[in-house]
Amino acid sequence: MKLFSAKSNKVYKIVDVTGNDDSRRRLLDMGFTPECRIFVVGTAPFGGTILVSLRGFTVALREDAADRIEVEAV
């Protein structure tokens, strides 16, 4: 499933990061690497962003970036 479709207050494992070279590299540099566990804190009430916690920090991602990250439930 795509990260943007993930449920709040759940832990997921990143399976793959897709996209063009620049967007993929940016996500990988931020720590969104395969096998990394992430916690979905929440989503904006009307969509558009998702708040996730990984590797000791929390980051808000836009919908288009979150749709490039494939996750599975842990």
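For every chain, the first residue of the written sequence is number 1, and numbering continues from 1 along that sequence. Reporting of local features is limited, given that this is a predicted model, to residues whose pLDDT is at least 70; pairs of side-chain atoms are given and counted only at 80 or more, and all residues count toward the totals for whole chains, interfaces and linings. Only hydrogens and water are removed before side-chain values are computed, so all heavy atoms of the structure are retained for them.

S.K.: How do you make sense of the overall build of the chain when you look at a structure like this?
M.R.: The helix count covers DSSP runs of H or I at least four residues long, the strand count covers runs of E at least two residues long, and both are numbered beginning at the N terminus. Along its length, the chain carries 2 helices and 5 strands. Written out in order from the N terminus, the α and β elements of the chain read β-α-β-β-β-α-β. Our radius of gyration is a C-alpha quantity, and the globule rule it is checked against amounts to 2.2 Å times the number of residues to the power 0.38. Over its C-alpha trace the chain gives a radius of gyration of 11 Å, about what one expects of a compact globule, namely 11 Å for 74 residues. In this scheme, a residue with accessible area under 20% of its type's maximum is buried, one over 50% is exposed, and one in between is partly exposed, where area comes from a 1.4 Å probe on protein chains only. Buried residues in the chain amount to 34% of all 74 residues. Total accessible area on the chain stands at roughly 4400 Å², and carbon and sulfur atoms take up 50% of it. The charge count includes Lys and Arg as positive and Asp and Glu as negative, but it does not include His or the ends of the chains. Charge placement uses NZ in Lys and CZ in Arg. For Asp and Glu, CG and CD serve respectively. Here the chain holds 11 positive side-chain charges and 10 negative ones, and the gap between their average locations is 5 Å. Only the protein chains shown count as cover for residues, and the accessible areas themselves come from Shrake-Rupley with a 1.4 Å probe.

S.K.: Looking at this structure, I do not really get unusual backbone geometry. What am I missing?
M.R.: Trans is the prevailing form of peptide bonds, just as negative phi is the prevailing case for residues other than glycine. With a phi angle near 60 degrees, Asn9 is a residue other than glycine that sits in the positive phi range. In this structure, Asn9 sits in the segment before strand S1 (10–17). In this structure Asn9 comes out as exposed when scored by relative accessible area, which is 58%. With phi around 80 degrees, Glu35 is a residue other than glycine that occupies positive phi space. By the element assignment, Glu35 lies in the loop between helix H1 (21–29) and strand S2 (37–43). Taking relative accessible area as the criterion, Glu35 reaches 56% and is therefore assigned exposed.

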